[in-house]
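Spelled out from the first residue to the last, the chains are:
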Amino acid sequence: MSYELSEDLAAFRDLTRKFALEVIAPNARKWDEVKWLPEEVVAEMGRIGLLGVTIPEEYGGAGQGLLGMTVVTEELARWCGGTALFLAAHLGLCATHIRLAANEKQKAQWLPRLASGEVIGSWCLSEPDCGTDAEAMTTRAERTKTGWKLNGRKFWITNGKRAGVFVVTARTEPKRGARTISAFIVERDRPGLIVGEPEDKMGMRASDTVPVNFENCEIPEENLCGNYNEGYVDALRVLDRGRCTIGSLSVGLGRGCLEEAVKYAAERKSFGVPLHAHQAIAFKLADMETLVESARLLVRQAASTHDAGRPDKRLSSIAKLYASEMASRVGWESIQIHGGAGYVKDVCVERLVRDNKLCEIGEGSSEVQRMLIARAEFQRRRA
Ligand SMILES: Cc1cc2nc3c(=O)[nH]c(=O)nc-3n(C[C@H](O)[C@H](O)[C@H](O)COP(=O)(O)OP(=O)(O)OC[C@H]3O[C@@H](n4cnc5c(N)ncnc54)[C@H](O)[C@@H]3O)c2cc1C
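Not measured: the values here are computed from a predicted model.

**With respect to helix α7 (residues 231-267)**
- Taking 1.5 Å as the rise per residue, α7 with 37 residues should run 54 Å; its terminal C-alpha atoms sit 53 Å apart, in good agreement.
- Along α7, the largest kink reaches about 25° and is centred on R241.
- For α7, a buried count of 29 out of 37 residues is recorded, marking the element as mostly surrounded by other parts of the structure.

See below:
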């Protein structure tokens, strides 16, 4: 694995960093309060190419790999986890599912519009009664004369309020099992697709999270996305990649907490010297920096295995687990270094810490990652 970003990717990182500094940093607190990422910001993200980072160039995207996605996500999350989560759901989940599983006609229909931001995407796997155990989903897709009829409830759906297209997994055979579930592309204006009220969340508030219900929602045959009964298997492939994205989201949040702490420790004086002159604080900063750097390496290593065509699920899980727990730890230390100033909203650290908690829960919780890592490790040793 090379530790240098290509010239292309470094330029993309710099472009994203500039956008994050100029547009996100001054406004993220407001977006957290109003629970919304303004449409003009989304449009600008489309204009500068962020909404299509991993979409192939032939479909109007930037043609970067998963490594590119992690680099961009880190830069956005440095200032606002919700903005990064918006991109993770739109591109990392919805567009990636279409890119990996859809047929040529569907890709040509949706990927250019997703890359430009003309349409925003959502991805519907979780349900009110099953998140971790998503394989137990009860949303049904039944055959009709002309296609499919969807009935069921999806929950915790990021971007649902603004999405124009939803990739939805539903049971196509009335029995449990990974291969009794298919995926469908559902346009927002289909009668029977009902978007509920946004959740009032602890963090990631710039991104909306809604329930999406299906009540006799009819879609044509050609909206099946991927092979019949392989929707869940494809969803797991999407999640393997998503774990690298969520890992990089935490790297960005952890980096934000670290950078704010370094700045404050240089400005704030106690006992006549800057905070960082106290060894207890300097050592905290050293530990925080070590944690952020190592998480970034794990994330980029895992992403690179996908880009090299030999995806390593174990490394994706390790990266997500380590990075998400790292950012919480670094975040609390940053608040500690800020003293009372860290306990109020004028400093962005408390928001970044709230944002990060989701990274220990979504796209496979820390408990699930530990299960997957242990399972893979035992299999590896037996082989
Ligand atoms: C802000 C936000 C955005 C989201 N966006 C999306 C989205 O866009 N699309 C989507 O489909 N979903 C989305 N989700 C859903 C998310 O992926 C789920 O919340 C997550 O998978 C956990 O599922 P759950 O909430 O049902 O928790 P549960 O599955 O009920 O788990 C509760 C707790 O029990 C633990 N647990 C469960 N089973 C086991 C086990 N076998 N062993 C040990 N521990 C276990 C879990 O780790 C967790 O700590 C989002 C969630 C949030 C909060």
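Having seen the model, we can carry on.
**Thoughts on the pairing of strand β4 (residues 165-171)**
- Most of β4 is tucked away, with seven of its seven residues classed as buried.
- Burial along β4 is two-sided: the face carrying V165, V167, T169 and R171 and the face carrying F166, V168 and A170 are both buried.
- As judged from the four bridges shared by strand β1 (residues 121-124) and β4, these two strands associate in the parallel manner. Residue C124 lies in a different strand from β4, and its bridge partner there is V168.
- Across seven bridges, β4 lies against strand β5 (residues 181-187) in antiparallel orientation. Each bridged residue has a counterpart across the sheet, and for T169 the counterpart in β5 is A183.

**Side note on the site of the ligand**
- Residues in contact with the ligand amount to 18 residues; listed here are only the nearest, S126, T132, W156, T158 and S365.
- In this structure, a nitrogen atom belonging to the ligand sits 2.7 Å away from a side-chain N or O atom of S126.
- In the complex, the protein chains occlude 65% of the 980 Å² of accessible area that the ligand would expose alone.
- Of all the elements in the fold, those that place two or more residues in the shell around the ligand are β1, β3 (147-158) and α11 (366-382).
- Here the shell around the ligand takes three residues from β3, the largest share from any one element.
- Residues belonging to the shell around the ligand are distributed by class as follows: eight nonpolar, seven polar and three charged.
- Each of domain 2 (122-228) and domain 3 (232-382) gives at least three residues to the shell around the ligand.

**Some words on the side chain of T172**
- Within the secondary structure, T172 sits in the loop between β4 and β5.
- A polar atom in the side chain of T172 sits 2.8 Å from the side chain of S182.

**What about unusual backbone geometry?**
- A positive phi angle, near 60°, is found at K35, a position not held by glycine.
- Position of K35 among the secondary structure elements: in the loop between α2 (28-34) and α3 (39-47).

**Looking at a negative patch on the surface**
- Together, E7, D8, E57, E58 and E104 make up a negatively charged patch on the protein surface.
- As for its position among the elements, E104 is in helix α6 (residues 104-116).

**Considering the packing of helix α4 (residues 66-77) against α7**
- At a minimum axis distance of 7 Å, the contact between α4 and α7 shows a crossing angle of 30°. Judged by the twist between their axes, the crossing of α4 over α7 is right-handed. Here α4 contributes L66, M69, T70, T73, E74, E75 and A77 to the contact with α7, which in turn contributes R241, C244, T245, S248, L249, V251, G252, L253 and R255.
- Taken together, the residues that form the contact of α4 with α7 break down as seven nonpolar, five polar and four charged.

**As for the nonpolar core**
- I24, L76, I98, L114 and L249 are the most contacted members of the largest nonpolar core, which has 98 residues in total.
- Discounting chain neighbours no more than four positions away, the residues touching L76 are T16, F19, I24, M45, L50, A84 and L87.
- One finds V168, F214, C217 and I219 within the second-largest nonpolar core, a separate group that totals 18 residues.

**Considerations on the domain arrangement of the protein**
- Domain assignment breaks the protein into domain 1 (7-120), domain 2 (122-228) and domain 3 (232-382).
- Here the C-alpha centre of domain 3 lies 21 Å away from the C-alpha centre of domain 1.
- At the junction of the two partners, domain 1 supplies 29 residues and domain 3 supplies 34 residues.
- For the domain 1 and domain 3 pair, buried surface summed over both sides reaches about 2600 Å², with 59% attributable to carbon and sulfur atoms.
- Among the residues domain 1 hides against domain 3, the three largest losses belong to L66, E74 and R78. Together they make up 28% of the total.
- The interface formed by domain 1 and domain 3 includes eight salt bridges.
- Counting across the interface, domain 1 meets domain 3 through 12 residue pairs in polar contact (both at pLDDT 80 or more).
- For the side of domain 1 that touches domain 3, the secondary-structure elements that each account for two or more residues are α2, α4 and α5 (81-101).

So, how was this worked out
- Residues numbered from 1 in each chain as written.
- Predicted model: local features only at pLDDT ≥ 70, side-chain atom pairs only at ≥ 80, totals over all residues.
- Heavy atoms only, no water.
- Helix = DSSP H or I, 4+ residues; strand = E, 2+ residues; numbered from the N terminus.
- Expected span 1.5 Å × (residues − 1).
- Bend = angle between axes of the 7 residues up to and from the residue.
- Buried < 20%, exposed > 50% of the residue type's maximum accessible area, 1.4 Å probe, protein only.
- Pairing = 2+ DSSP bridges.
- Near = heavy atom within 4 Å.
- Polar contact = N/O pair within 3.5 Å; in protein donor to acceptor, adjacent residues only side chain to side chain.
- Areas by Shrake-Rupley, 256 points an atom, 1.4 Å probe, with all protein chains shown as cover.
- Nonpolar A, V, L, I, M, F, W, Y, C, P; charged D, E, K, R; others polar.
- Domains from an automatic or database assignment.
- Patch = residues over 30% accessible without salt bridge, like charges linked within 9 Å, V, L, I, M, F, W, Y side chains within 5 Å.
- Salt bridge = Lys/Arg side-chain N within 4 Å of Asp/Glu carboxyl O.
- Lys, Arg positive; Asp, Glu negative; His and termini not counted.
- Charge placed at Lys NZ, Arg CZ, Asp CG, Glu CD.
- Axes fitted to C-alpha atoms, helices over the stretch in contact; angles between N-to-C directions.
- Left-handed = near helix turned anticlockwise from the far one by under 90°.
- Contact = heavy atoms within 4.5 Å.
- Core = buried A, V, L, I, M, F, W, Y, C linked by side-chain atoms within 4.5 Å.
- Buried area = accessible area lost by both parts, 1.4 Å probe.

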